[in-house]
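Fold and geometry: a report
As a plain string of letters, each chain reads:
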Amino acid sequence: MKITDVETITVTVPFEAPIRWAFGVRTGTTRTIVKVYTDEGIVGLGETYGGKETAIGIQHCKPLIIGEDPFKIERIVAKFRGFSGRGVLPVGNPLYFSALEIACWDIIGKALNTPLCNILGGACRRKIPFSAFVFYRYKGESGVGGESTPQDIVKYCSDLIDKCGFKVLKLKGGVFNPKVEIETIKELRETFGEEIGLRIDPNAIWSVETSIRVIKALEKYNLEYVEDPTWNLEGMAQVRKKVSVPLSTNMCVISLDHVPPAIRLGAIDVILADLFQWGGILNSKKLAAIAETFQLGLSMHSNAELGVSTAAMLHFAASTPYLTYALDQHYHHHVDDVITKPFVYEDGCMTLPDGPGLGVELDEDKIEKYSKLYKEKGEARHTFDPYRPDWVPMQPSW
């Protein structure tokens, strides 16, 4: 079997309300869908971050994959790895070639008529637990959203738990003064008790000193971890020496090369895998093995995946016993999806698809609808906050 062509389709799917984070606001998700064609008529699906730049980058990657056997994943990944980190972009950008790698896995599963997880080692679980990504939000056009106080967040989380059954909540911090976000965590813990896991992620917006003070104030609330409180491995290591709460990251450890210095510095306790930042499923499997070897916790980062990449996450998680924390997920923020059978939460979990390969199919009507929206509205990316035009990202003081 040989790869004959690659097609990209970019879509934008809105969120039900604009979500706020340390560096601005986001109104939806823009993802590039990949179709990898073969000479045997099997088409593999992939999906990754971003819009125009991503689509162009993937087209630049085509010469390295056309003519290859999609079963030879190690060979394909090795070809791209040769360009990674050597200034040869976009070919070496893992966000681009990861979509092609995932599409190859989909082809293999379809060719063998078996779910992808069976090729990755078999499912050790069929129900995959997720944490609810919880954001302070502006009101959406439909009137949904507007959460800006601790009490608003508690009400919103109560509704999410009732609707989706989440057992873990992750607050996206770095939006308000840390005192407000400490109070939000306090209200969540007092409302939901110890049965609900809590996390907070300020996206490295705090200084080392602020991080230490905030985390010490949060210690009494028994957090699973604080994600990226401050910037880079050195800053994380300084914080980790002073606090008892575990620290996680998906910002300062995002490739296999970053793992050894992180371990030497004692900077982190938990790594968040990401099929796209890490360059696909194969590299993420290698990360899981490293995490288990060094007894680092392992979870998965979310960047507002649609159905194709959510399916890839589910197959990876189902076949990876050493996932020690519930995975992150934005799925409850989307108003729609582009697959024929969108995923649903039950008891805070999603169920592994049964079909061959990734087990999902594109809804071509939805693809057309949200491709048109992308062309009309452009990319729904992380942007500076239009409601606060004089605002700049700073490290909020204590």
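In what follows, the accompanying structure is described. All of these numbers come straight from a predicted model, not from anything done at the bench. Every chain is numbered on its own, with residues counted from 1 as its sequence reads. Given that the model is predicted, a residue must reach a pLDDT of at least 70 before its local features are reported, and side-chain atom pairs must reach 80 or more before they are shown or counted; all residues, however, enter totals for whole chains, interfaces and linings. Just so you know, side-chain values use all the structure's heavy atoms and leave hydrogens and water out.

For the purposes of this entry, the term helix denotes a DSSP run of H or I that reaches at least four residues, the term strand denotes a run of E that reaches at least two, and both are numbered from the N terminus. From N to C terminus, the protein chain includes 12 helices and 12 strands. A compact globule built from 398 residues should have a C-alpha radius of gyration of about 21 Å, and the protein chain, at 20 Å, falls within 12% of that. For the protein chain, the spread of C-alpha atoms along the principal axes amounts to about 60 × 50 × 40 Å. Categorising residues by exposure relies on relative accessible area from a 1.4 Å probe, with only protein chains included: less than 20% of the type maximum marks a residue as buried, more than 50% marks it as exposed, and the intermediate range marks it as partly exposed. Across the 398 residues that make up the protein chain, the buried fraction comes to 60%. For the accessible areas, the method is Shrake-Rupley and the probe is 1.4 Å, while residue cover comes only from the protein chains on display. Carbon and sulfur atoms provide 53% of the accessible area of the protein chain, an area that totals close to 15800 Å². Charge assignment in this entry is limited to Lys and Arg as positive and Asp and Glu as negative, and neither His nor the chain termini are counted. By convention, the point assigned to a charge is CZ for Arg, NZ for Lys, CD for Glu and CG for Asp. When the 44 positive and 50 negative side-chain charges of the protein chain are each reduced to one mean point, those points stand 3 Å apart. To get the radius of gyration, use the C-alpha atoms; to get the globule rule, take the number of residues to the power 0.38 and multiply by 2.2 Å.

Before going further, it helps to examine the sheet that holds strand E2 (residues 24-38). To summarise the sheet geometry, strands pair through backbone hydrogen bonds and adopt either a parallel or an antiparallel arrangement. We call two strands paired when DSSP finds no fewer than two bridges between them. As summarised here, the arrangement of the 3 strands in space is E1-E2-E3, forming an open sheet in which the pairing is antiparallel. Single-partner strands in this sheet number two, and they are strand E1 (3-21) and strand E3 (43-49). Along the sheet, successive strands turn relative to each other by an average axial angle of 20 degrees, direction set aside. Here 7 bridges tie E2 to E3, and the two strands are oriented antiparallel to one another. Opposite Val 36, over in E3, you have Gly 44 as the bridge partner. Throughout, a residue-residue contact means that at least one pair of heavy atoms, one from each residue, lies within 4.5 Å. Here an angle of 0 to 180 degrees is reported between the N-to-C directions of two axes, which are lines fitted to C-alpha atoms, with helices fitted over the stretch in contact. Along the sheet, helix H1 (residues 52-65) contacts E1, E2 and E3; its crossing angle with E1, the most-contacted strand, is approximately 155 degrees. Where helix H3 (residues 94-112) meets the sheet, its contacts fall on E1, E2 and E3, and the angle it forms with E3 comes to roughly 150 degrees.

A word on the packing of helix H2 (residues 73-81) against helix H10 (residues 281-293). Interaxial distance between H2 and H10 falls to 10 Å at its minimum, and their mutual angle equals 90 degrees. Overall, the two elements H2 and H10 adopt an arrangement that is roughly perpendicular. Along its contact with H2, which presents Ile 73, Glu 74, Val 77 and Arg 81, the element H10 presents Leu 282, Asn 283 and Lys 286. Split into classes, the residues belonging to the contact of H2 with H10 amount to 3 nonpolar, 1 polar and 3 charged. An angle counts as roughly parallel when it lies under 35 degrees, as roughly antiparallel when it exceeds 145, as roughly perpendicular when it falls between 65 and 115, and as oblique in every other case. Amino acids are sorted into nonpolar (Ala, Val, Leu, Ile, Met, Phe, Trp, Tyr, Cys and Pro), charged (Asp, Glu, Lys and Arg) and polar (every other residue, Gly among them).

Before going further, it helps to spend a moment on the pattern of salt bridges. The salt bridge criterion pairs a side-chain nitrogen of Lys or Arg with a carboxyl oxygen of Asp or Glu, the two atoms within 4 Å. Enumeration according to the criterion identifies 22 salt bridges in this entry. With a shortest N-O distance of 4.0 Å, Lys 170 and Asp 201 are connected by a salt bridge. Remark: Asp 201 occurs in strand E6 (residues 197-201) and Lys 170 occurs in strand E5 (residues 168-172); sequence separation between them is 31 residues. There is no split in this pair, since Lys 170 and Asp 201 are both buried. One salt bridge in this structure joins Asp 269 and Arg 240, with 2.6 Å as the shortest N-O distance. With a gap of 29 residues between them, Asp 269 in the loop between helix H9 (259-265) and strand E9 (270-273) and Arg 240 in helix H8 (residues 232-240) connect regions that are remote in the sequence.

Right, let's talk about the pairing of strand E10 (residues 297-300) for a bit. Covered by surrounding structure in E10 are Gly 297 and Ser 299 together with Leu 298 and Met 300, the residues of both alternating faces. As defined by bridge partners, E9 adjoins E10 across 4 bridges and the pair is classed as parallel. Residue pairing across strands places Ala 273 opposite Met 300, the latter belonging to E10. On the question of chirality, the crossover connecting E9 to the parallel E10 by way of H10 is right-handed. We call a crossover right-handed when, viewed with both strands directed away from the observer, the connection leading from the first strand over the helix to the second proceeds clockwise.

Next up on the list: the packing of aromatic side chains. Stacked, tilted and edge-to-face pairs are distinguished by plane angle, under 30 degrees for stacked and over 60 for edge-to-face with tilted covering the rest, among Phe, Tyr and Trp rings (Trp via its six-membered ring) whose centres lie within 6.5 Å. The final tally for this structure, using the stated rule, is 9 aromatic pairs. Judged by centre distance (5.9 Å) and plane angle (55 degrees), the rings of Tyr 49 and Phe 276 are tilted. One end of the pair, Tyr 49, is in strand E3; the other, Phe 276, is in the loop between E9 and H10, and 227 residues separate them in sequence. This pair shows no difference in class: Tyr 49 is buried, exactly as Phe 276 is. With 6.2 Å between their ring centres and 70 degrees between their planes, Tyr 331 and Phe 343 make a pair best called edge-to-face. Here the residue Tyr 331 occupies a position in the loop between strand E11 (327-329) and strand E12 (349-351), and Phe 343 occupies one in the loop between E11 and E12, the gap between them amounting to 12 residues. With a relative accessible area of 9%, Tyr 331 lands in the buried category.

This brings us to the environment of Glu 376. Residue placement: Glu 376 occurs in helix H12 (residues 364-377). Its relative accessible area of 53% is what places Glu 376 among the exposed residues. In the structure, Glu 376 is positioned 364 residues away from Thr 12 in sequence and 9.7 Å away in space, judged by C-alpha atoms.

Mapping Asp 228 onto the fold places it in the loop between strand E7 (225-227) and H8. In protein, a polar contact requires one atom able to donate a hydrogen and another able to accept it; more generally it is a pair of N or O atoms within 3.5 Å, and residues adjacent in sequence count only if both atoms are side-chain atoms. Within polar-contact distance, the side chain of Asp 228 engages the side chain of Thr 249 at 2.6 Å. Excluding residues that lie within four positions of it along the chain, Asp 228 makes contacts with Asp 201, Pro 202, Asn 203, Ala 204, Met 236, Ser 248, Thr 249, Asn 250, Met 251 and Cys 252.

What follows concerns H12. Between its first and last C-alpha, H12 extends 20 Å over 14 residues, near the 20 Å set by a 1.5 Å rise per residue. By the burial criterion, the buried members of H12 are Ile 367, Tyr 370, Ser 371, Leu 373 and Tyr 374. Each buried residue of H12 sits inside an arc of 155 degrees when the element is viewed along its axis, so together they form one side. Residues of H12 that are exposed and angled more than 90 degrees away from the buried face: Asp 365, Glu 368, Lys 372, Lys 375 and Glu 376. Of the surrounding elements, those touching the buried residues of H12 are E1, E2 and H1. At the N-terminal boundary of H12, the capping side chain belongs to Asp 363, with an oxygen 3.1 Å from the backbone nitrogen of Asp 365. Backbone geometry just downstream of H12 places Gly 378 in the positive-phi region, at approximately 85 degrees. The span expected for a helix works out to 1.5 Å for each residue beyond the first. Our arc is simply the arc of the directions from the helix axis toward the C-beta atoms.

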